[in-house]
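Descriptive analysis of the structure
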Amino acid sequence: MKTDAIGTLVQKACSAEGAWSAMKVFCIPVFFRAFLAYFETPYPSLTPFPSTSVSLSSHFDNQAASIDGTTGSFNIIGSTYVAEYLPAGPWTFNGVMVSFWLLLERSGTAIWYLSMIYRTSWGLGYDNVIAQGQVVELPSPTYVHQIHLVYAGDGGYDHFHNTFNLNFEDDSVLDLLCELVIPRPYHFDDHGASTNWNTSSIFQYSVSVPSRVPLKSITLPQTGNDPNRLHVFAISVTPSIVPSTAPKGHELSIRDVHFSTRWENIDGQRAQAVAITLANLLPAFLSSSPDTSIHSKYELEITGEGVTTVTPGMIHRLVAADQVRFDVMVLNDNGTGNATVRIKDAHGNVVGISSGWPITPLRKTWTAEESVLATHEPPNWWDQGKYGIFVHWGLYSVPAYGPAWIYSEWYDWHLHNPPDQSNLNWQYHLKNFGTDVVYDDFIANFTAKNWNASAWLDLFDEAGAKYFVIVTKHHDGYGLFDTKNTTHRSSVHLHPHRDFVKELLETAKAEKPHLHRGTYYSLPEWFNPYYAPYGFDRFPGGLARHPFDDSQVEPYTGMLEISDYIQDLVYPQMLSLALDYESEIMWCDIGGPNNTLEFAAQFYNHAMENGYQVTMNDRCAAVPDFDTPEYALFGALNTRRWETTEGMDPFSFGFNNATEPSDYSNGTTIIRTLVDVVSKNGN
């Protein structure tokens, strides 16, 4: 009898302390829970999201990681990743398991390797393959839902133009044309002779496969002679689930459940966003059957210790071989343990559950640790905004010139490099301003007499933008905000004695509170003497020589005496933009040596304490929220948050007198670009 079993269960639960009377207050809830659990029909568990590693060991021909920089050479100049920061063994990201394999020995034409031995350390030998048309065979022809790549390029470009070939069992071939997942705080250069303190990264990319025919192999791109060679560290595949008989429904699987740092104010409480990725693992050749897809409203809710769903996730369509990502909003009272996801159909019936997802409470305090700050994410307003306005305006707007494919805002640099007749910038300056005018003389001409903050904001709003970013200081070091006593090289201390950043941001708060406010900030300055100890490449630091008289040194107007460029100028200026001006986007440029960890902790804490959310790009040299390729489009969806930046001028962000009006992007071009970018998960 079931009642006898329940009675026995209750008796056992109440016997620990002896008498029933002493325990009745505690045992009544135990009784009802046991009663309901005993009679409740167990819900079906969803299929775990599968991923199977494909060994690349036999193809390895390059060492990208080094213990101290003295071994290996990722690129042709001896750069290497720092071995201690790379993951060993099976590694899971966004619900996908990837294995890094160990090549034990390579000798002549013979290769000895153990394909089932996981890499437990890096820096001891070959760890990747340079893509040069190699064919990677799958163990057997397989219907594949997704392919997952871990890769990096060794050039200075943001994206690749090469394609992978997918080779199917019926001899058909499909050409396939990126997610930042292993950011490292620095890397070695020149075989360990120097250290580059910019964040260097390895990327992960997942691509869906049209699973109508089993996949046999993958042909890597031919990049051996390219300036940006593609290095592949690992490949993993997610096989489709092929039913043995006619399908009677979809095959749902949750790829990932991520308790994020994003939140929304719901009924006066901060509700945490939990991102869920849901897949239908049936192969695409079954998509024509209506029974294999979702065609009505499904709801997903999350339960767990300290976790309550306040806004369930909803989907209305999910066909075979497809995936969808969405948010469930929860109240998380310092939840612990693991969460369970429950899926209900349009009739409220539970169609499946998925358990074992670690609960992470909403972070309320940020510390200056990379492991902590790396968990920060762009807020929903940024992710959903999709369209912002980027404003380049400064001293370079006075000469307003650059040859084709040269940014006009780089006028000061190109005027000096090289300072001779072969330089079109040098020729332009000589013709229009003569030999006695140096760059800082443009300060007197930067009057901004017709500038009106309200007019700008009306234009942004009418254009449909959801946020804007204004250049507060470019590489010439002239700021448009109050730089206080870090330097007097700014529009506040020098001509025209106005705080343009304050005027714009405060006007936006008052007149356009729905527009989110951002600030661009260049970490290096070309010709600041105090930057010289940190200088590199086209950002050397040190005073510029006069472009028409090498015996003279140009002035650096407004410079004050400081001890250290990073601690005494960059760090306090960035903090001022975050705390005094309350920027919502810190849009850095160039990177390099920095105090970004300390800055980010204060930036995020100030925002949290004052009830708003902020974000930071990938050029602050550490812990980025989103990536920023320039004038770039991707060939496929990228699950990593990204924002392409480009001017309406096809060659420049700043205004350029040399650009013909007909060359500017028109409305049709801008809209097409926006649609393409948004379709790939970008802004």
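Throughout what follows, the structure given in this document is the object of discussion. Note that the structure is predicted; figures quoted are calculated from it, not measured.

The subject of this paragraph is the state of the cysteines. Counted under the stated rule, the structure contains one disulfide. In this model, cysteine 588 is linked to cysteine 620 through a disulfide, with the two sulfur atoms separated by 2.0 Å. A torsion of 85 degrees about the S-S bond marks the disulfide between cysteine 588 and cysteine 620 as right-handed. With a gap of 32 residues between them, cysteine 588 in strand 30 (residues 585-589) and cysteine 620 in the loop between strand 31 (615-616) and helix 11 (667-679) connect regions that are remote in the sequence.

Turning to the sheet that holds strand 30, a few remarks are in order. Judged by pairing direction, the sheet is parallel, and its five strands sit side by side in the order 25-26-27-30-31 without closing on themselves. For this open sheet the edge positions go to strand 25 (388-391) and strand 31, each flanked by a neighbour on one side alone. Bridge analysis of strand 27 (residues 516-522) against strand 30 gives five bridges, and the strand direction is parallel. Bridge pairing in strand 30 links tyrosine 520 to tryptophan 587.

With their axes 9 Å apart at the nearest point, helix 7 (residues 453-462) and helix 8 (residues 500-511) run at an angle of 60 degrees to one another. Between helix 7 and helix 8, the angle falls in the class oblique. Helix 7 and helix 8 meet at a crossing whose hand is right-handed. For the pair formed by helix 7 and helix 8, the contact residues are Ala453, Ser454, Trp456 and Leu457 on the first element and Glu503, Leu504, Thr507, Ala508 and Glu511 on the second. A breakdown of the residues in the contact of helix 7 with helix 8 according to their chemical character gives five nonpolar, two polar and two charged.

Core analysis: the biggest nonpolar cluster contains 79 residues, and Trp393, Phe468, Leu504, Tyr521, Met586 and Phe599 have the highest contact counts within it. At nine residues, helix 9 (residues 565-579) tops the list of elements feeding residues into this core. With residues near it in sequence (within four places) discarded, methionine 586 still touches Thr519, Tyr521, Met574, Leu577, Phe599, Phe603, Thr615, Met616, Asn617 and Cys620. Counting 25 residues, the second-largest nonpolar core is a separate cluster that includes Leu138, Leu149, Val207 and Ile218.

Time to look at the pairing of strand 20 (residues 269-280). Of all twelve residues in strand 20, ten are buried, a share of seventy percent or more. As paired strands, strand 19 (residues 252-266) and strand 20 are joined by eleven bridges and run antiparallel to one another. Within strand 20, the residue paired with isoleucine 266 across the bridge is glutamine 269. Counted between consecutive antiparallel strands, the loop separating strand 19 from strand 20 contains two residues, among which aspartate 267 sits at a positive phi close to 55 degrees. Relative to strand 23 (residues 323-344), strand 20 is paired through eight bridges, and the arrangement is antiparallel. Among the inter-strand pairings, leucine 278 is bridged to a residue of strand 23, identified as valine 324.

This part takes up empty space enclosed by the protein. Any empty space left between the atoms is revealed when a probe the size of a water molecule rolls over them. The calculated volume of the largest cavity comes to roughly 110 Å³. In terms of lining residues, the largest cavity is bounded by 13 residues, among which Thr261, Trp263, His376, Met608 and Gln613 are the most central. Residue assignment for the lining of the largest cavity shows that the elements contributing at least two residues are strand 19 and helix 10 (596-609). In the lining of the largest cavity, the residues fall into seven nonpolar, three polar and three charged. Of the pockets and cavities examined, the second largest cavity occupies roughly 60 Å³. Along its surface, the second largest cavity is lined by Asp412, Tyr439, Asp440, Arg489, Phe527, Leu543, Ala544, Glu554, Pro555 and Tyr556. Within the lining of the second largest cavity, the residues separate by chemical class into six nonpolar, no polar and four charged.

On to the environment of isoleucine 353, then. Positionally, isoleucine 353 belongs in strand 24 (residues 350-358). Each C-alpha atom of the pair isoleucine 353 and isoleucine 343 lies 6.2 Å from the other, and the pair is ten residues apart in sequence. Residues contacting isoleucine 353, with those up to four places away along its chain left out, are Tyr43, Pro44, Ser45, Leu46, Thr340, Val341 and Arg342.

What follows deals with unusual backbone geometry. The step from asparagine 417 to proline 418 runs through a cis peptide bond, and the omega angle for that step is -5 degrees. Position of proline 418 among the secondary structure elements: in the loop between helix 5 (411-416) and helix 6 (424-433). For the peptide bond that leads from histidine 495 to proline 496, omega is 5 degrees, which places it in the cis range. Relative to the helices and strands, proline 496 resides in the loop between strand 26 (467-473) and helix 8. Despite not being glycine, tryptophan 405 has its phi angle at roughly 70 degrees, a positive value. Phi at alanine 448 is positive, roughly 55 degrees, even though this residue is not glycine. In this fold, alanine 448 is placed in the loop between helix 6 and helix 7.

Okay, the environment of asparagine 610 next. Its location among the elements puts asparagine 610 in the loop between helix 10 and strand 31. Given a relative accessible area of 43%, asparagine 610 falls into the partly exposed group. C-alpha separation for the pair asparagine 610 and glutamate 582, spaced 28 residues apart in sequence, amounts to 9.9 Å. Within polar-contact distance, the side chain of asparagine 610 engages the backbone oxygen of histidine 606 at 2.7 Å.

Cut-off values and rules
Residues numbered from 1 in each chain as written. Predicted model: local features only at pLDDT ≥ 70, side-chain atom pairs only at ≥ 80, totals over all residues. Heavy atoms only, no water. Disulfide = S-S within 2.5 Å. Helix = DSSP H or I, 4+ residues; strand = E, 2+ residues; numbered from the N terminus. Pairing = 2+ DSSP bridges. Axes fitted to C-alpha atoms, helices over the stretch in contact; angles between N-to-C directions. Parallel < 35°, antiparallel > 145°, perpendicular 65-115°, else oblique. Left-handed = near helix turned anticlockwise from the far one by under 90°. Contact = heavy atoms within 4.5 Å. Nonpolar A, V, L, I, M, F, W, Y, C, P; charged D, E, K, R; others polar. Core = buried A, V, L, I, M, F, W, Y, C linked by side-chain atoms within 4.5 Å. Buried < 20%, exposed > 50% of the residue type's maximum accessible area, 1.4 Å probe, protein only. 1 Å grid on protein atoms, 1.4 Å probe; cavity = no way out; pocket = protein on both sides within 12 Å on 5 of 7 lines; lining within 4 Å. Points joined across faces, edges and corners; volume = space filled by probe spheres on them. Polar contact = N/O pair within 3.5 Å; in protein donor to acceptor, adjacent residues only side chain to side chain.

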